[in-house]
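So the chains spell out like this:
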Amino acid sequence: MPRIHFVEFGGREHLIDVPAGTSVMQAAIDNHVPGIDGDCGGECACGTCHVYVDPTWLPKTGTRTTSEDELLNFAAATQESSRLACQIRMDDTLDGLRVRMPEGQH
Amino acid sequence: MSTLSRVQAREEALSIPLDRIDVSNPKRFQDDTVWPFFERLRREEPVHYCSDSMFGPYWSVTKYRDIMAVDTNHNVFSSEAGGIVIFDRKVGERYPNFIAMDPPKHDEQRKTVSPIVAPANLANLEGLIRSRVCAILDSLPRGETFNWVEQVSIELTTQMLATLFDFPFEERRLLTYWSDVATTFPQPGQPIDTWEKRDAILAECLAYFTGLWNERINKAPGYDLISMLAHSPSTRNMGPREFLGNLILLIVGGNDTTRNSITGGLWFMSQNRDQLQKLRGCPALIPGAVSEIIRYQTPLAHMRRTALRDATVGGKQIKAGDKVIMWYISGNRDSEVIESPDSFIIDRKNPRQHLSFGFGIHRCVGNRLAELQLRILWEEMLERRLDLEVVGDPERVPSNFVHGYSALPVRIAA
Ligand code: HEM
Ligand code: FES
């Protein structure tokens, strides 16, 4: 199973195994990793699953969709590496993915 | 609401021809009898056309997923073309603001305002909100009946708003007044019976805020909303109507909605004592309970869009120019997405999954601030073991937009 390293805003790390096909947002919710809210349940409609993808992983996670980009536009403290975690689906090529959480979701 | 009118409403909802159902009548919200009508629409015609109402013809979108589809499709469903509420006002009579704008202007103005309610700033506000909540709770009368809406819901949200605007604290009830006026649909017999009267009062609001604006623009940029609007490149050249429009947006947004969630929360807990017991036994449930309160209340019953081109929603052909009402209040009771939606359950599996804040680019910018206020209020109420007794039914406001209360009689044992 591919693994994800989640890094909370305060720096605490969580290492989570997830079945391939699960979104990074769902992985956090299912495993009670704090820092991702996922209010819309993964429909790319709320922007509360904002994460920063570790730069070395950025190319492998693909590019933002139009609606993802629109929502990230309004999120607090967005960076070049910002993505919506519900739009990244785990597979073996992402094994070891590292994402950081922002101070809050809103 | 009496049991009789509840029964009558259900009978009427089941017997009336489908095409004559009109869920927009404000009276149905005031007497809380709109539910069986939405139930029937969700079951028999989830996207429904009403050809004649006091607000003209309109489409109702009543199910969760269809509402989400409209809300996230801002290229077709415009907030600007006809505004965001069911009643129409002529273009020249509207107060433009960013909730009723489409991109790109919406985006710029939203970005100007949103830092004040972003996570970093909320952390700074928490202590202040808590001290205000404590002061309000500690000053409540004992052994006499009082109106919870006046003494707690309005007081707390108005203080919050005064803080956000850095508004003269002693005059803060002006904010409550303007908020109420701004959401009034003038009707004969009401204190505000004409649009002219409403506009005249809102002009006073504008004059007052223009004074604050002028004061702030001549100072270094501060971290209150007026200063932010006055100094940001995307808002500092707003005309007066647009300034007023955005003020109303922030006043109403930060006020009525949270106010009615505060009242609704107490009412729901009083009607569901087992849930209150659960919460008392486990305060860690408060955040989930807050989301459940906001879902169950649905403080804004609808948002309106106007179709810019022909589109299909839930299998129905919507024509360019049509008025489309997303009934959040109905979608939040859609059993296809929310389990046992008519029950108030504070420890649901996915409490955050509800429509009350909308979705897409207009999704409520103040959502975390609203949740923060409610969370602190419930924390402090439990902390004090306040034994609040609701001693009568709430009075509701006659509006199909602001879903709320004007009174809830409450008593604390002496
Ligand atoms: C429980 C409390 C609240 C509820 C239920 C609520 C609900 C909503 C809804 C339904 C929308 C429109 C969403 C859409 O069209 O998709 C909205 C937008 C908005 N809300 Fe709230 N709101 C609440 C609290 C607040 C607070 C506390 C503030 C201000 C500080 C606020 C400010 C705004 C603003 C400025 C917008 C416009 C956003 C935009 O158009 O981009 N709201 N709110
Ligand atoms: S969960 Fe809502 S946008 Fe990702």
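An account of the accompanying structure is given in this report. (Residues numbered from 1 in each chain as written. Chains lettered and ligands numbered in written order. Predicted model: local features only at pLDDT ≥ 70, side-chain atom pairs only at ≥ 80, totals over all residues. Heavy atoms only, no water.)

Residue and element names in this part refer to chain B. Spatial strand order, 4-12-9: three strands in an open sheet with antiparallel pairing. Single-partner strands in this sheet number two, and they are strand 4 (145–147) and strand 9 (388–390). Strand-to-strand, the axes of this sheet are offset by a mean angle of 40°, without reference to chain direction. Across the face of the sheet, helix 7 (residues 148–165) comes into contact with strand 4, strand 9 and strand 12 (409–412) while running at roughly 45° to strand 4. (Pairing = 2+ DSSP bridges. Helix = DSSP H or I, 4+ residues; strand = E, 2+ residues; numbered from the N terminus. Axes fitted to C-alpha atoms, helices over the stretch in contact; angles between N-to-C directions. Contact = heavy atoms within 4.5 Å.)

The next subject is unusual backbone geometry. All names here are of chain B. Cis peptide bonds are those with omega within 30 degrees of zero, and the linkage from Pro-103 to Pro-104 qualifies with 5°. Inspection of the secondary structure assignment puts Pro-104 in the loop between strand 3 (77–78) and helix 5 (105–113). Of note, the phi angle at Ser-340 is positive, near 40°, even though the residue is not glycine. Of note, Ser-340 is situated in the loop between helix 14 (328–331) and helix 15 (367–383).

Residue and element names in this part refer to chain B. Looking at the secondary structure, you find His-362 in the loop between helix 14 and helix 15. With relative accessibility at 14%, the residue His-362 sits in the buried group. In terms of polar contacts, His-362 uses its side chain to reach the side chain of Ser-79, at 3.3 Å. Ignoring sequence-local partners within four residues, the contact set of His-362 consists of Ser-79, Phe-98, Ile-99, Met-101, His-106, Arg-110 and Arg-305. (Buried < 20%, exposed > 50% of the residue type's maximum accessible area, 1.4 Å probe, protein only. Polar contact = N/O pair within 3.5 Å; in protein donor to acceptor, adjacent residues only side chain to side chain.)

Let us now look at the nonpolar core. Where a protein is soluble and globular, its nonpolar side chains tend to be buried together. Residue and element names in this part refer to chain B. Among the nonpolar cores identified, the biggest contains 134 residues, and Trp-148, Phe-165, Phe-209 and Trp-327 are the most heavily contacted of them. If you tally residues by element for this core, the top one is helix 11 (residues 240–271), at 13 residues. In contact with Phe-165, other than residues within four places in its own chain, are Leu-175, Phe-209, Arg-216, Asp-224, Leu-225, Ile-226, Leu-247, Leu-250 and Ile-251. (Core = buried A, V, L, I, M, F, W, Y, C linked by side-chain atoms within 4.5 Å.)

Protein coordination of the iron atom of ligand 1 is limited to a single donor, B:Cys364 (SG), which sits 2.3 Å from the metal. Structurally, B:Cys364 can be placed in the loop between helix 14 and helix 15. (Donors = N, O, S within 2.8 Å, 3.2 Å for Na, K, Ca; no water.)

So, about the pairing of strand 2 (residues 58–61) of chain B. All names here are of chain B. The alternating pattern of strand 2 places Tyr-58 and Ser-60 and Trp-59 and Val-61 on opposite faces, both of which are buried. Inspection of the sheet shows strand 1 (residues 47–50) paired to strand 2 by four bridges, in the antiparallel sense. Bridge assignment links Tyr-49 to a residue of strand 2, and that residue is Trp-59. Pairing analysis gives three bridges linking strand 2 to strand 8 (residues 323–327), with the strands arranged parallel. When the sheet's bridge partners are listed, Ser-60 is paired in strand 8 with Ile-325.

In this section: the packing of aromatic side chains. Residue and element names in this part refer to chain B. For the coordinates displayed, the defined rule picks out 16 aromatic pairs over all chains. Ring geometry for Phe-55 versus Phe-87: centroids 6.3 Å apart, planes at 35°, classification tilted. With Phe-55 in the loop between strand 1 and strand 2 and Phe-87 in the loop between strand 3 and helix 5, this pair connects stretches of sequence that are 32 residues apart. The two residues Phe-55 and Phe-87 agree in class, both being buried. Summarising the aromatic geometry, the rings of Tyr-208 and Phe-209 are spaced 6.5 Å apart at their centres and angled 65° between planes, so their arrangement reads as edge-to-face. The partly exposed category is assigned to Tyr-208, whose relative accessible area is 22%. Given the relative accessible area of 0%, Phe-209 is considered buried. (Phe/Tyr/Trp six-rings, centres within 6.5 Å; stacked < 30°, edge-to-face > 60°.)

On to the site of ligand 1, then. Residue and element names in this part refer to chain B. Around ligand 1, a shell composed of 29 residues is seen, among which His-106, Arg-110, Arg-305, His-362 and Cys-364 lie nearest. In the environment of ligand 1, an oxygen atom lies 3.3 Å from a nitrogen or oxygen atom belonging to the side chain of Tyr-328. In the model, an oxygen atom of ligand 1 is placed 2.7 Å from a nitrogen or oxygen of the His-362 side chain. With six residues, helix 11 is the single largest residue contributor to the shell around ligand 1. (Near = heavy atom within 4 Å.)

If you roll a probe as big as a water molecule over the atoms, it shows you where there is empty space left. Counted as a void, the second largest pocket has a volume near 1,500 Å³. Residue lining of the second largest pocket: 44 residues in total, with A:Ile36, A:Asp37, B:Pro287, B:Arg352 and B:Arg368 positioned closest to the centre. The set of elements that each furnish at least two residues to the lining of the second largest pocket consists of helix 1 (24–30) of chain A together with helix 6 (119–138), helix 13 (286–297) and helix 15 of chain B. No other element matches helix 1 of chain A, which puts five residues into the lining of the second largest pocket. Residues that form the lining of the second largest pocket fall into these classes: 18 nonpolar, 13 polar and 13 charged. (1 Å grid on protein atoms, 1.4 Å probe; cavity = no way out; pocket = protein on both sides within 12 Å on 5 of 7 lines; lining within 4 Å. Points joined across faces, edges and corners; volume = space filled by probe spheres on them. Nonpolar A, V, L, I, M, F, W, Y, C, P; charged D, E, K, R; others polar.)

All names here are of chain A. Taken together, the five strands give an open sheet; going across it, the order is 2-1-5-3-4, and neighbouring strands pair in mixed fashion. The open sheet is flanked by strand 2 (13–17) and strand 4 (82–84), the only strands paired with a single partner. Averaged over neighbouring strand pairs, the angle between their axes works out to 35° when direction is ignored. Pairing between strand 1 (residues 3–7) and strand 5 (residues 97–100): four bridges, direction parallel.

Okay, the pattern of salt bridges next. Residues and elements named next belong to chain A. Inspection of every chain in the model, using the stated rule, returns 43 salt bridges over all chains. Note that Arg-3 and Asp-17 form a salt bridge whose closest N and O atoms lie 2.9 Å from each other. Taken together, the residues span a long stretch of sequence, with Arg-3 in strand 1 and Asp-17 in strand 2 at a distance of 14 residues. Taking the relative accessible area as the measure of exposure, Arg-3 reaches 37% and is therefore partly exposed. Given a relative accessible area of 39%, Asp-17 falls into the partly exposed group. (Salt bridge = Lys/Arg side-chain N within 4 Å of Asp/Glu carboxyl O.)

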